Amino acid sequence: MRHIIRYVAVNWIFLWLPAWAQAPGAWTPEISMQVRGIGRVVPSPDGRLVAYTQSHTILEPGSSKTLTHLFLARADGSYRMQLTRGEGGAGSPSFSPDGRFVLFLSNRSDRPSLWRIPVDGGEAKRLTDWKGRLDGYQISPNGNWIAFTGVEPSEEEEKARKEKRDWRVLDENPRGSSLWVIPTEPSVHGKREVRSVFAASDHITGFDWSPDSRQIAFEHQPTPGEDTWVRSDVSEVEVESGRVRAMASTGAAEGEPRYSPDGRFLVFLRTPDPARWAGEEQIVLLPRQGGASRVLPNTWDEGPSIPGMESWFSPALIPRKAMGEILHWSFDSSRLLFTGEKGTRKVLYAVSLDGLTKAVYVPPNGIVSNATLNAKGTHAGLAIESPAEPPEAFVMHLSGGAPIRLSAANVNLPKHPLGETRRIQWKAKDGLQVEGLLTLPVGYESGKRYPLVLIIHGGPMGWFNENFLGNRDIYPLASFAAKGYAILRPNIRGSGGYGKKFRFANLNDWGGKDYADLMAGVDHVISTGVADPERLAVMGWSYGGYMTSWVITQTKRFKAAVVGAGVTNLWSCAGTMDIQGFLPDYFSGEPWDNLDAYLKHSPMYYVKGVTTPTLILHGEADRRVPISQGYELYNALRRQGVTTKMVVYPRMGHGPSEPNAALDIMRRHLDWVERYVR
């Protein structure tokens, strides 16, 4: 069975199997597609209302997409309503300073625009008539202005596209995102004039208004390139005059500026110099009226974490920009709040200006994500989920008390049994303690051995957390458990959530001790009597795909493997991926300066003699790990007579964005393991 196929949308009737065609009472990939995602959760300035986004998939003839809309709820959980409707969708909600309106981005018109809608009912009105790309926005504290980042439209580029002469010269004249402002209310002529505030060649990635609405602090990097974040700086522009001054401009990467409510301080995140892809950030406190800046104490994971991505596939799939996110200041400017990873949990933290860090909210199990504070810093909105509970929107008062559930996004999901998930630990060969999540099969019986699926996360600085087992994801965890599989998701060295030393422990050593951590974890689950050593499968995406490729070149103990968007040849990947500095940072130099390391840590270097049946899944438009990486592995296996199949997904980048493709990926993971492991 040696063939490559191009994925096309399957017949829509097959997507929605009737109840009689499914195993009764069992979780399936089709049910996972019904799980609704919770995005940004934003309390109003007075804390009485909360706006949040809720997304669902649409799978029907001629349509495969995820649609997101806004909901509005009372903070006591007594009432909720859907605020936006229609095919265009809506996202990025925020309240006006007086709390009367919710602002949001939507492509309900002919292009993405900024809209606002009254909280007490009425029609939404478009605020921008911007013909270019609109990236993000923020309303000024006095409510008079809206700042946004975007790219001006280019009539010449559009003309070139129409005339089929839209070739491009790499790295020549990249068009970055600039900073603009518009008045919140129209002029007497009914117009809102757009005014440029900062339009230099740099690319702006984030910004914040000063409390008096006179200045904007912004993060900028030299180009829009995915790897130039390592040279990002923080500057401040005076809105009226356009005068700019540098606030943080060193060899480190600086970003995510936030003004204190009293206007005395600007805080931002700073990496070491030079910035490292494995991730390390500190919170820097800068007095605005002069004086030395100082670094606030570090967190458990030695860096505030990246916020949860609103897209519904795993946020741990891709190498991440190492800068994190400061959520907001408290109302009295005495402390900063942010989210951070701790083991398999994600926690809401606060750090005071005198350096005391404490957890504000630690879920009893599970994770918090998409946390947002209101403008006054008194309430936090957040999404909460756990292995047994799907995501819902919550709000909590920062003075204390338990979070209050606001949404009912997933209350109507089937109540099929889910396997129990346990946090387990084991010792690596060198004595390092490694942690992971073990999900037991539905109906687990102690003393009985089960087939085991080893899943390896991406990054490698990603990490497995206690998210909902039934989520819309590339791995059908709940479905595997329903079919009688145990699932091991290890956080091996190099993972986030366990501090800098652990996260940096795989530098120059991909396929070394991280591989040993994986095998020790599998051995541990076998030693407990849970896993059957003769029925093992392995799979992973991105770096997880790299490790899966590595595993099948090092051992024959696994009966099936699935390689998703995997790096297979470090040398060729280093020269073709969109983040050119990533692999040289992990392997202490460019391939031409450190060739032996790139060769000896590449699965392709050891591909001769592989026998494991291997399924390869890859997006045709993947710029992070180009599809040629999948072709290299597929052709090497095929030419050796190994049972293999490669599926190419048109339009797909480094992870699925089209629900049809995501469903196919879940099904193929399940079917491949069933065929060769069961």
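Each value, and the rule that gives it
- Counting from 1, residues in each chain are numbered in the order their sequence is written.
- It should be noted that, the model being predicted, local features are given only for residues of pLDDT at least 70 and side-chain atom pairs only at 80 or more, the latter also being counted only at that level, while totals for whole chains, interfaces and linings use all residues.
- Think of the side-chain values as coming from all heavy atoms in the structure, minus any hydrogens and water.
- DSSP calls a pair of strands paired once it identifies at least 2 bridges connecting them.
- Comment: elements are numbered from the N terminus, with helices defined as DSSP H or I runs of at least four residues and strands as E runs of at least two.
- Only the contacting stretch of a helix is used when fitting its axis, a line to C-alpha atoms as for every element, and angles between N-to-C directions run 0 to 180 degrees.
- Think of it in three bands: with a 1.4 Å probe and only protein chains considered, a residue is buried below 20% of the maximum accessible area for its type, exposed above 50%, and partly exposed in between.
- Polar contacts, as counted here, are pairs of nitrogen or oxygen atoms within 3.5 Å of one another; within protein the pair requires one atom able to donate a hydrogen and one able to accept it, and residues that are adjacent in sequence qualify only if both atoms are side-chain atoms.
- We count a salt bridge whenever a side-chain nitrogen from Lys or Arg sits within 4 Å of a carboxyl oxygen from Asp or Glu.
- To estimate the expected span of a helix, subtract one from its residue number and multiply by 1.5 Å.
- By nonpolar core is meant a set of buried Ala, Val, Leu, Ile, Met, Phe, Trp, Tyr and Cys residues that side-chain atoms within 4.5 Å join together.

A.B. asks: Help me out: how do you make sense of the sheet that holds strand E12 (residues 178–183) in this one?
C.D. replies: What holds strands together in a sheet is hydrogen bonding between their backbones, with the strands either parallel or antiparallel. Taken together, 4 strands build an open sheet; the order of strands is E10-E11-E12-E13 and the sheet is antiparallel. Bordering the open sheet on either side are strand E10 (133–139) and strand E13 (195–198), each of which pairs with just one other strand. Pairwise comparison of adjacent strand axes, ignoring direction, gives a mean angle of 35° for this sheet. Two strands pair when backbone bridges link them, and E12 and E13 are joined in this way by 3 bridges, in the antiparallel orientation. Residue pairing for E13: leucine 179 is matched across the bridge by phenylalanine 198.

A.B. asks: Help me out: how do you make sense of the sheet that holds strand E15 (residues 215–221) in this one?
C.D. replies: Reading across the sheet, the 4 strands line up as E14-E15-E16-E17 and stay open at both edges, with antiparallel pairing between neighbours. Lying at the two open borders of the sheet, with one neighbouring strand each, are strand E14 (203–209) and strand E17 (244–248). Neighbouring strand axes in the sheet, compared pairwise and without regard to direction, differ in orientation by 30° on average. Relative to E15, E14 runs antiparallel, the two being bridged by 6 bridges. Paired with phenylalanine 207 across the two strands is phenylalanine 218, which belongs to E15.

A.B. asks: I would appreciate a short explanation of the side chain of histidine 457 in the present structure.
C.D. replies: Locating histidine 457 in the fold gives a position in the loop between strand E32 (450–456) and helix H4 (477–482). You can call histidine 457 buried: its relative accessible area is 3%. Polar side-chain contacts of histidine 457 include one of 3.2 Å to the backbone oxygen of glycine 462.

A.B. asks: Explain the pattern of salt bridges here, please?
C.D. replies: Side-chain pairs of opposite charge can arise where the charged atoms are in close proximity. Following the criterion strictly, the structure yields 35 salt bridges and no others. Across the salt bridge formed by arginine 667 and glutamate 30, the nearest N and O atoms sit 2.7 Å from each other. Note that arginine 667 is positioned in helix H12 (residues 659–676) and glutamate 30 in helix H2 (residues 29–32), a separation of 637 residues in sequence. Arginine 667 sits in the buried class, given a relative accessible area of 11%. The exposure class assigned to glutamate 30 is buried, which follows from its relative accessible area of 8%. One salt bridge in this structure joins aspartate 430 and arginine 493, with 2.9 Å as the shortest N-O distance. Here aspartate 430 is found in the loop between strand E30 (421–427) and strand E31 (433–439), whereas its partner arginine 493 is found in the loop between strand E33 (486–491) and helix H5 (500–503), with 63 residues between them in sequence. The class of aspartate 430 is partly exposed, set by a relative accessible area of 41%. The network of salt bridges with shared partners includes Glu226, Asp578, Arg623 and Arg624.

A.B. asks: Would you mind going over helix H7 (residues 543–554) with me for this structure?
C.D. replies: An α-helical turn contains 3.6 residues, so a residue and the one three or four places further along point in the same direction. In this model H7 runs 16 Å from its N-terminal to its C-terminal C-alpha over 12 residues, within 8% of the 16 Å that 1.5 Å per residue would give. Within H7, 11 of the 12 residues are buried, which leaves it mostly tucked inside the rest of the structure.

A.B. asks: Teacher, can you tell me more about unusual backbone geometry here?
C.D. replies: If a residue is not glycine, its phi is most likely negative; likewise, a peptide bond is most likely trans. That bond from aspartate 273 to proline 274 is cis: its omega, 5°, falls within 30 degrees of zero. Tracing the chain through its elements places proline 274 in the loop between strand E19 (265–270) and strand E20 (282–287). For the peptide bond that leads from glycine 459 to proline 460, omega is 15°, which places it in the cis range. Looking at the secondary structure, you find proline 460 in the loop between E32 and H4. In this structure, serine 92 takes a positive phi of about 55° despite not being glycine. Looking at the secondary structure, you find serine 92 in strand E6 (residues 91–95). Judged by relative accessible area, serine 92 falls into the partly exposed class, the value being 30%. Phi is positive for serine 333, close to 60°, though the residue is something other than glycine. With respect to the helices, strands and loops of the structure, serine 333 is situated in the loop between strand E22 (326–329) and strand E23 (335–342).

A.B. asks: How should the nonpolar core be read in this particular structure?
C.D. replies: Generally speaking, nonpolar side chains in soluble globular proteins are found buried as a group. Among the nonpolar cores identified, the biggest contains 65 residues, and Leu452, Leu454, Trp510, Phe582 and Leu583 are the most heavily contacted of them. When residues in this core are grouped by element, the largest group, 7 residues, is from helix H6 (residues 513–527).

A.B. asks: Even after reading the chapter, I still don't get the environment of lysine 415, so can you show me in this structure?
C.D. replies: Position of lysine 415 among the secondary structure elements: in the loop between strand E29 (404–405) and E30. The exposure class of lysine 415 is exposed, given its relative accessible area of 66%. Each C-alpha atom, one on lysine 415 and one on alanine 26, is 9.3 Å from the other, the two residues being 389 residues apart in sequence. Here the side chain of lysine 415 touches valine 411 through a polar contact of 2.8 Å, landing on its backbone oxygen. Within the structure, the side chain of lysine 415 is placed 3.0 Å from the backbone oxygen of leucine 413, a separation counted as a polar contact.

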